[in-house]
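Structural features, examined
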Amino acid sequence: MKKNTVTEGSEKKSAVSDVGAWAMNVVSSVGIIMANKQLMSPSGYAFSFATTLTGFHFAVTALVGLISNATGYSASKHVPIWELLWFSIVANMSITGMNLSLMLNSVGFYQISKLSMIPVVCIMEWLLHGKNYSKEVKMAVIVVVVGVGVCTVTDVKVNLKGLLCASIAVLSTSLQQISIGSLQKKYSIGSFELLSKTAPIQALSLLLFGPFVDYYLNGQFILNYKLSSAAIVFILLSCSLAVFCNVSQYLCIGRFSAVSFQVLGHMKTVCVLTLGWLLFDSELTLKNILGMAIAVIGMIIYSWAVEVEKQANSKASHKDSLTEEDIRLLKENVETATAKDIELGQSKA
């Protein structure tokens, strides 16, 4: 009875921390999009240096990690440097590829490429980790993709350069999200510890090469930008939100799976569209509302399907595994049966 109570208590705590991690990711991600919209839009402060700004984000994240390690808040575990470098290269390819894809492609094709990450992650997890998905999960994924597609995809124009950049962005982003979970499990390392190890490498490389990437994207060099006090405030706000966004992303992928992160992540798309309509006078059409409704239904179906899959897996593992108590009882039964057989043999003799 005590064992069941402890298990239920730990499950409730785990559920609360899962919700907390996900809520932090949604709030920080939507918040950073709103802050960056004001910072980077021509009607705002026209700071159009997305790659360099991401370098600032990782620099602040690295600083927070350094302070955390120095104060003993988090312990540092060993991860081979080549794995950290490989992960950082993949993550930076993801960031650069996304920025180039947004520049070279229409908004419609950019959104389609982002939607394609869900099936790409599924295929990669199947190839790399032999993971299979139930029919219910596959159905839910399709519903979410259709819903988000309806509310976000508009014109779709494709060109060769744009297609190449989008493909690199999708593959590298999917691989990065799978790698976060696998590295955490492989080295038994916490999400913040892993982030504090990779953030300095990403910050250094993005701050070195980011200004040149941004110059290629918009024809302006960051040193020519005139900083105002208001723009500095929004850069600091963006960097602060980025710390929470980065930490919560690692937390979520460590707790859930890369597919769950992608599917539930489209809730952020719904939030961004709604807040854009409320705060920035963005147009919200019947098509947007219909798409958001379908996407939310898909997310509910996905959550239900994942829960059903978990219960089925736990039942299967319960049947396949014996507890210490079961083994003890079996031994007692065998010993009792053997003693009875001996007694019967003696009485017959």
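These figures come from a predicted structure and were not determined experimentally. (Residues numbered from 1 in each chain as written. Predicted model: local features only at pLDDT ≥ 70, side-chain atom pairs only at ≥ 80, totals over all residues. Heavy atoms only, no water.)

**Details of the overall build of the protein chain**
Under the convention used in this document: Here a strand is any run of E in DSSP of at least two residues, a helix any run of H or I of at least four, and the numbering for each starts at the N terminus. Under the scheme applied here, a residue whose accessible area is under 20% of the maximum for its type counts as buried, over 50% as exposed, and between as partly exposed, the area being computed with a 1.4 Å probe on protein chains only. In what follows, residue pairs with any heavy atoms lying within 4.5 Å of each other are defined as contacts. Values of accessible area rely on a 1.4 Å probe in the Shrake-Rupley scheme; residue burial ignores everything except the protein chains shown.
Per the secondary structure count, the protein chain includes twelve helices and zero strands. Written out in order from the N terminus, the α and β elements of the protein chain read α-α-α-α-α-α-α-α-α-α-α-α. The 349 residues of the protein chain split such that 42% are buried. Expressed as a percentage of contacts within the protein chain between residues at least 6 apart in sequence, the contacts between residues at least 24 apart total 86%. Of the roughly 19700 Å² of accessible surface on the protein chain, a fraction of 68% belongs to carbon and sulfur atoms.

**Things to note about the environment of Ile289**
Looking at the secondary structure, you find Ile289 in helix 11 (residues 286-320). You can call Ile289 partly exposed: its relative accessible area is 44%. Sequence spacing of Ile289 and Val150 is 139 residues, and the spatial spacing of their C-alpha atoms is 9.2 Å.

**Some thoughts on a nonpolar patch on the surface**
What counts here: Patch criteria: residues need more than 30% relative accessible area and no salt bridge. Like-charged residues are merged within 9 Å; nonpolar side chains of Val, Leu, Ile, Met, Phe, Trp and Tyr are merged within 5 Å. Basic side-chain nitrogens of Lys or Arg form a salt bridge, by our definition, when they fall within 4 Å of a carboxyl oxygen of Asp or Glu.
Taken together, Ile81, Trp82, Leu85 and Trp86 make up a surface patch of nonpolar side chains, about 460 Å² in accessible area. Looking at where Leu85 falls in the secondary structure, it is placed in helix 3 (residues 81-104). For Leu85, a relative accessible area of 41% puts it in the partly exposed group.

**Some points on the side chain of Thr52**
Looking at where Thr52 falls in the secondary structure, it is placed in helix 2 (residues 50-70). Apart from residues no more than four positions distant in its own chain, Thr52 is found in contact with Leu207, Gly210, Pro211, Asp214 and Ile222.

**So, the nonpolar core**
As a reminder of what qualifies: The term nonpolar core refers to a set of buried residues drawn from Ala, Val, Leu, Ile, Met, Phe, Trp, Tyr and Cys, joined through side-chain atoms within 4.5 Å.
Counting 14 residues, the largest nonpolar core has Phe87, Ile180, Leu194, Val247 and Tyr250 as the members making the most contacts within it. Counting only elements with at least two residues in this core, the list comes to helix 3, helix 7 (160-187), helix 8 (191-218) and helix 9 (229-255). Looking at which element gives the most residues to this core, the answer is helix 9, with four residues. Apart from the residues lying within four places of it in its own chain, the contact partners of Ile180 are Phe87, Leu194, Gln249, Tyr250 and Ile253.

**Details of unusual backbone geometry**
For Ala46, which is not a glycine, the phi torsion comes out positive at approximately 50°. Inspection of the secondary structure assignment puts Ala46 in the loop between helix 1 (2-40) and helix 2. One non-glycine residue, Ser188, lies in the positive phi region at around 50°.

**As for the environment of Leu195**
Mapped onto the elements, Leu195 comes out in helix 8. Residues Leu195 and Leu84, spaced 111 residues apart in sequence, show a C-alpha to C-alpha distance of 9.9 Å. Excluding residues within four positions of it along the chain, Leu195 makes contact with Thr61, Asn246, Val247 and Tyr250.

**Observations concerning the pattern of salt bridges**
Inspection of the entire model under this criterion finds one salt bridge. Residue Glu83 pairs with Lys186 through a salt bridge whose shortest N-O separation is 2.9 Å. Here Glu83 is found in helix 3, whereas its partner Lys186 is found in helix 7, with 103 residues between them in sequence. On the basis of relative accessible area, Lys186 is assigned to the exposed category, the value being 53%.

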